[in-house]
Amino acid sequence: MPGAVVNVLLKNILKESFWYNKIYKNLIKSYKYSKDEIEELNLFKIRKLLIHSYKNVPYYRDLFDSISFNPNINSLEELNKLPIIDKKIVKENYDRLISKSYYNKVLKKTVKTSGSTGMPLKIVRSIHSMNFENAILNRFWEKSLNSNTNYKWVVLRGDDIVSKNKKTPPFWKKIKISNKLIMSSYHLNNITAMDFIEKLIEYSPDIMYAYPSTAYLLALYVEKYKVNVSIKFIFTSSEMLLDKQKRKIEKVFNGKIYDWYGQSERVSAIFNCNIGNYHIVEDYSYTELIKSDLGFEIIGTNTENYLMPLIRYRTGDIVEKSNVSCTCGTSFRSISKIFGRELDYIITKNNDKIPYTIMSFCVDKIDNIYESQFVQLNYEELVINIVVSDDFKDSDKNKLIDQANKILNNRIKIKVNIIDEIKRGPSGKFKAIDSFLSSRKRFEI
């Protein structure tokens, strides 16, 4: 049975459980908590997690003892006494970060991060943390939809539905139990685009759940073939959503995007509310925003995964704070923009860092480019891989090079490479910036 089908079945089984319903009811209440109530909730969860970690997790027991840290904290500020951990630390201490006496450690799920930072990571999740994750996401979806209607979903998120060598449709599978049509994003390209579009028209979904890059590519194909595909609700996650992508997707599908930020480590989450503002999901985990050169870095603590606690974990993801007082009904902190990873940038010879959000400006005004990828070979050479429409001209190419040179101030030689498709990784996503610089240099932030 394909993995995507198993995941859907497992989620539906968990959703019917007594524990899921209890979690969900509590989350409905905490969504409306005041700032003081949120702080009280986080202090309670953090203290409980710290005490558990000291008693049952070898890494934290040794760490706390080495700095004389008392896990029975009285304020969230005391958490600052603990050092920040990162992927390297987790990878080197994998076995010592797993709880030795967690009551349901047999029921678990092991996941691997995509390795977009050059350092793939293995994480173990408890059944409770999986249940909690499902409840949090369902709350997000249901508040966005504002209805309990039995909607029809189409999913384009790198699911392993059919063989990657398959050349002819179907490139999708219907999951009746959840009313979802899961499509293979690996197979969406110039040749197969019309097959996907015809299936969408036939299925007529109310909701699309997709990677931003996949939803954007599909929107460009729909626009290219001048067909009408309306999808009222579009949920995006797992990649940074660019303004250009958002505008195009909403215009082509005549729908509204609701974006979600998270990561495989499950230490922090941010959602797009009905008003259109981003909010930290305060009752999901404990999120700290630490000032960095590019904005504020997300440092997160997963308060639900007692099987493998990650306390003050460095995500490498950068956001911009907001002081907006939102009217959506929650007092969760607001975020004005998600920039993505600090590692998603081009590095010049004098160590200047140009984030992907800035680099993407050089393709924003060229309508004939479907997808783009920046590959830094060394300090002197940058290749821009692009997938283009039939209307792409030499003038578009020259304009791309000219705009990239302006952003980089002519410090790096640029080559444009026109290709049929950008290769996806195992998760169905591709690296927006792929760097061949040494890992050491890339991690010097």
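Residues numbered from 1 in each chain as written. Predicted model: local features only at pLDDT ≥ 70, side-chain atom pairs only at ≥ 80, totals over all residues. Heavy atoms only, no water.

Brief notes about the overall build of the chain
The helix and strand tally for the chain stands at 13 helices and 20 strands. Counting only residues that meet the buried cut, the chain has 56% of its 445 residues in that class. Look at the contacts in the chain between residues 6 or more apart in sequence, and 67% of them connect residues 24 or more apart. (Helix = DSSP H or I, 4+ residues; strand = E, 2+ residues; numbered from the N terminus. Buried < 20%, exposed > 50% of the residue type's maximum accessible area, 1.4 Å probe, protein only. Contact = heavy atoms within 4.5 Å.)

What about a negative patch on the surface?
A contiguous patch of negative charge, built from Asp36, Glu37, Glu39, Glu40 and Glu77, is present on the exposed surface. For Asp36, a relative accessible area of 61% gives the class exposed. (Patch = residues over 30% accessible without salt bridge, like charges linked within 9 Å, V, L, I, M, F, W, Y side chains within 5 Å. Areas by Shrake-Rupley, 256 points an atom, 1.4 Å probe, with all protein chains shown as cover. Salt bridge = Lys/Arg side-chain N within 4 Å of Asp/Glu carboxyl O. Lys, Arg positive; Asp, Glu negative; His and termini not counted. Charge placed at Lys NZ, Arg CZ, Asp CG, Glu CD.)

What about the pairing of strand 11 (residues 286-292)?
Both faces of the sheet carry side chains from a regular strand, because those side chains alternate between them. Burial runs high along strand 11: 5 of the 7 residues are buried. Alignment of strand 11 against strand 12 (residues 295-301), held across 7 bridges, turns out to be antiparallel. Within strand 12, the residue paired with Thr287 across the bridge is Gly300. Where strand 11 folds back onto strand 12 in an antiparallel hairpin, the turn is made up of 2 residues. (Pairing = 2+ DSSP bridges.)

Here we look at the packing of aromatic side chains
The final tally for this structure, using the stated rule, is 24 aromatic pairs. When the ring of Phe140 is compared with that of Phe235, the centres are 5.5 Å apart and the planes differ by 70°; the resulting orientation is edge-to-face. Of this pair, Phe140 sits in helix 6 (residues 127-145) while Phe235 sits in strand 7 (residues 233-237), and the two are 95 residues apart along the sequence. In this pair, the class of Phe140 matches that of Phe235, namely buried. One Lys or Arg, Lys152, reaches over the ring of Tyr203 and ends 4.7 Å from the middle of that ring. Here Arg157 stacks its cationic end above the ring of Tyr209, 4.5 Å away from the centre of that ring. (Phe/Tyr/Trp six-rings, centres within 6.5 Å; stacked < 30°, edge-to-face > 60°. Lys NZ or Arg CZ within 6 Å of the ring centre and 35° of its normal.)

Some words on the sheet that holds strand 17 (residues 369-376)
Strand order in the open sheet formed by 4 strands is 19-18-17-20, and the pairing between neighbours is mixed. Each having just a single partner strand, strand 19 (413-418) and strand 20 (433-435) make up the two edges of the open sheet. Averaged over all neighbouring strand pairs, the angle between strand axes comes to 20°, with direction disregarded. Where strand 17 lies against strand 20, 3 bridges are found, and the strand directions are parallel. Each bridged residue has a counterpart across the sheet, and for Val375 the counterpart in strand 20 is Asp434. (Axes fitted to C-alpha atoms, helices over the stretch in contact; angles between N-to-C directions.)

Quick word on unusual backbone geometry
Residue Pro169 is joined to Pro170 through a cis peptide bond whose omega torsion reads 10°. Summarising the element assignment, Pro170 is placed in the loop between strand 3 (153-156) and strand 4 (172-175). Positioned with a positive phi, Ser204 is a non-glycine residue whose angle comes to about 55°. Note that Ser204 resides in the loop between helix 7 (193-203) and strand 6 (207-210). For Ser204, a relative accessible area of 44% puts it in the partly exposed group. Even without being glycine, Asn254 reaches a positive phi, approximately 55°. Mapped onto the secondary structure, Asn254 falls in the loop between helix 9 (243-253) and strand 8 (256-261).

A word on the nonpolar core
Ranked by internal contacts, the top residues of the largest apolar core, which has 44 residues, are Met208, Phe253 and Ile270. With residues near it in sequence (within four places) discarded, Met208 still touches Val154, Leu156, Ala215, Leu218, Ile231, Phe233, Ile234, Phe235 and Phe253. Core analysis: the second largest hydrophobic core is formed by 33 residues, Leu27, Ile161, Phe235 and Tyr258 among them. (Core = buried A, V, L, I, M, F, W, Y, C linked by side-chain atoms within 4.5 Å.)

Quick look at the packing of helix 2 (residues 18-30) against helix 6
Relative to each other, helix 2 and helix 6 sit at 50°, their axes nearing to 9 Å. The orientation of helix 2 with respect to helix 6, classified from their angle, is oblique. Crossing of helix 2 against helix 6: the hand is right-handed. On helix 6, the residues that touch Trp19, Tyr20, Ile23, Tyr24, Leu27, Ile28 and Ser30 of helix 2 are His128, Asn131, Phe132, Asn134, Ala135, Ile136, Asn138, Arg139 and Glu142. When its residues are assigned to classes, the contact of helix 2 with helix 6 shows 9 nonpolar, 5 polar and 2 charged. (Parallel < 35°, antiparallel > 145°, perpendicular 65-115°, else oblique. Left-handed = near helix turned anticlockwise from the far one by under 90°. Nonpolar A, V, L, I, M, F, W, Y, C, P; charged D, E, K, R; others polar.)

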